Amino acid sequence: MTTATALDRAGSRTIMWAYLVTGISLFGLLALVGLAMRAEQAGWINVDPGLFYALMTLHGAGMITAMVLCGMGGLWYLMDGELALDRGIAWAAYVLIVLGVIGVLLSVLPGHFGAAWTFLYPLPFVGATWPNWATGAFLIGVALVMLGWIVWCTQMLGCVLRAYGGFRGALGWDLVFHHRAFEQSGRREPPPFAFGALVTAIDGLLSAAAGMLVGVALLVHWIDPSVALDPLWAKNLTYFFGHTFANLTIYMAIGFVYAALPRYANREWHTSPVLAVAWWATLLFVATAYFHHLYMDFVQPHALQYVGEVASYLAAFPPAVVTIFGGALLVYRSPLRWTMGSMFLYAGLVGWLIGGIGALIDATVPINLSLHNTLWVPAHFHTYLLEGVALFVLGWIFWNLETRSGQVSSLAVRWLTGIGIFGGGAVLLLGWYVAGAASVPRRYAAQPDPGPAIASWASIGAIVLCIGLIVCAIEAVRLARADEVEVAA
Ligand code: HEM
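In this report, the structure presented in the accompanying data block is examined.

A few words now on the nonpolar core. The biggest cluster of nonpolar side chains holds 156 residues, and the ones touching the most others in it are Tyr19, Met79, Trp149, Trp152, Phe344, Trp352 and Trp396. By size, the runner-up hydrophobic cluster in this structure holds six residues, among which are Val47, Phe52, Met56 and Ala445.

The subject of this paragraph is the environment of Leu345. Residue placement: Leu345 occurs in helix H12 (residues 340-362). Owing to a relative accessible area of 0%, Leu345 belongs among the buried residues under this scheme. On a C-alpha basis, the gap between Leu345 and Pro122 in space is 40 Å, while along the polypeptide they are 223 residues apart. The residues contacting Leu345, other than those within four sequence positions of it, are Phe256, Val257, Ala260, Leu261, Tyr264, Leu391, Phe392, Gly395 and Trp396.

Quick look at the coordination of the iron atom of the ligand now. Ideal values differ by geometry: the angle at a metal is 109.5 degrees with four tetrahedral donors, but 90 or 180 degrees with six octahedral donors. At 2.0 Å from the iron atom of the ligand lie its protein donor atoms, namely His59 (NE2) and His382 (NE2). If you look at the iron atom of the ligand, its six donor atoms make angles of 88 to 179° with each other, and the shape they trace is octahedral. Of this pair, His59 sits in helix H2 (residues 49-82) while His382 sits in helix H14 (residues 376-405), placing them 323 residues apart in sequence. For the residue pair His59 and His382, the accessibility class agrees, reading buried in each case.

Taken together, 24 residues are adjacent to the ligand, and Gln41, His59, His382, Arg442 and Arg443 come closest. His382 is positioned with one of its side-chain polar atoms (N or O) 2.8 Å from a nitrogen atom of the ligand. One of the side-chain N or O atoms of Arg443 is found 2.6 Å from an oxygen atom in the ligand. Breaking the shell around the ligand down by element, the ones donating at least two residues are helix H1 (10-41), H2, H14 and helix H15 (411-437). Considering only residue class, the shell around the ligand consists of 16 nonpolar, five polar and three charged.

Should their charged atoms come close, side chains of opposite charge can pair. Under the defined criterion, the tally for this structure stands at seven salt bridges. In this structure, Arg404 engages Glu484 in a salt bridge whose closest nitrogen and oxygen atoms are separated by 3.8 Å. Linking Arg404 in helix H14 with Glu484 in the segment after helix H16 (451-481), this pair joins segments that are 80 residues apart in sequence. Its relative accessible area of 22% is what places Arg404 among the partly exposed residues. The partner of Arg478 in a salt bridge is Glu475, with the nearest N and O atoms 3.0 Å apart. Here Arg478 pairs with Glu475, and both are found in helix H16, just three residues apart, close to one helical turn. Residue class for Glu475 comes out buried when judged on its relative accessible area of 6%. A single salt-bridge network, built from bridges that share partners, covers Arg168, Asp174 and Arg187.

Procedures and definitions
- Residues numbered from 1 in each chain as written.
- Predicted model: local features only at pLDDT ≥ 70, side-chain atom pairs only at ≥ 80, totals over all residues.
- Heavy atoms only, no water.
- Core = buried A, V, L, I, M, F, W, Y, C linked by side-chain atoms within 4.5 Å.
- Buried < 20%, exposed > 50% of the residue type's maximum accessible area, 1.4 Å probe, protein only.
- Helix = DSSP H or I, 4+ residues; strand = E, 2+ residues; numbered from the N terminus.
- Contact = heavy atoms within 4.5 Å.
- Donors = N, O, S within 2.8 Å, 3.2 Å for Na, K, Ca; no water.
- Tetrahedral: all angles 85-135°; square planar, octahedral: opposite > 155°, others 65-115°.
- Near = heavy atom within 4 Å.
- Polar contact = N/O pair within 3.5 Å; in protein donor to acceptor, adjacent residues only side chain to side chain.
- Nonpolar A, V, L, I, M, F, W, Y, C, P; charged D, E, K, R; others polar.
- Salt bridge = Lys/Arg side-chain N within 4 Å of Asp/Glu carboxyl O.

So, in structure tokens, the structure goes:
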């Protein structure tokens, strides 16, 4: 195995930071767009509905892509430490994604494309208030993002297969079924984050195949509207792509927790047979849970509805029982150093757990009858994306900055950031849960009562959250400008 040394990893670090800085900057800008949408729903500002839906499309597509970019950069860097990777391929993936983001920006900002980031057929083509070119620009932009994603997933898959001896080694098969012989052989099991790379690569390629298939079909329909598509076929492919792509952001970013939290706790996070089996389950359930998006589609074969409910429930066990519980045990009675980095990594586990419970409630068929397409949906996914994935990313960024500069942030800065991001974030999230339980619909620029009243206090939470993010950004820049005392390997 060709393992890169710390000295020749400067180029790899540049790649990681290019992905991280692009992703986190996009995140920061789109948080302000999110705040503007919430303030509009509260009636504080007046935004034309066409513009609101365009901004909602930009916010959804952009935030998911931002988290994907951060996950890609960090995980690529971690795997590059296992087996030196071709940097040209990583740059190619990056350029494709940036070009895709530019396509989406063009379609949404001057073009006002507003069919939501899920571009569900036939929505982009029916009653469109935007020019036809904007639909094409959006679809081509998403296709470019997909191409970059395919390049990255293929490189990751090649990396894990070569590094650990094919699928058998990468899955930890012998570790699980021939444990004693495996230990005696002196072979090394893949580190926990490598399972994240494997699962993301496989499920990522499957979801990208579905996304490209439906994307090309939509482009054909855009060029020649007489070519009709089957809406149920399109919906299955679209949600297989969209749900999986968004879900994988968690499984990429959890690699940061596996890699950095033990260093703060001065302990090790080993790959155990239980951890390996948990990731096998994740591999299967992430790819099959998407059916819960189609509960309302009476023409969907019934058997698939059961698959959706069962897979959604089972998908919760590996993270909750193995990773989140494992993280809590790792920290319990350890000499954990509380810094910005460890605070974000640990708090992210809490957000993941709470958001996961919210998702499970919604994935329960009789409850989904009431909660479907209410604000309960943004409530649960913002919980594990904003207070989960984004915190893992911030934790990884601060781990790198703290290690590089040898400095940590003052208690006052940590409190300010904590009150802003966790406190303000909790108020913002609570608004969506309460409104969802009161049946306020999602994706409405002008909401029925009690939507606007709830949006008012939720917007105050969003403002406090954005202040916390600004404090955090200033602190990150301060650490980044400090002299380097240690090179993070
Ligand atoms: C400051 C933080 C944020 C604020 C204030 C915010 C605000 C909003 C608002 C108001 C909506 C529209 C909800 C509706 O009425 O249906 C929304 C939707 C959405 N947000 Fe956020 N958000 C934030 C962070 C995030 C993050 C971190 C992510 C992902 C990583 C994210 C992903 C999405 C997605 C995917 C949608 C759905 C768009 C759609 O329905 O097509 N948001 N957000």
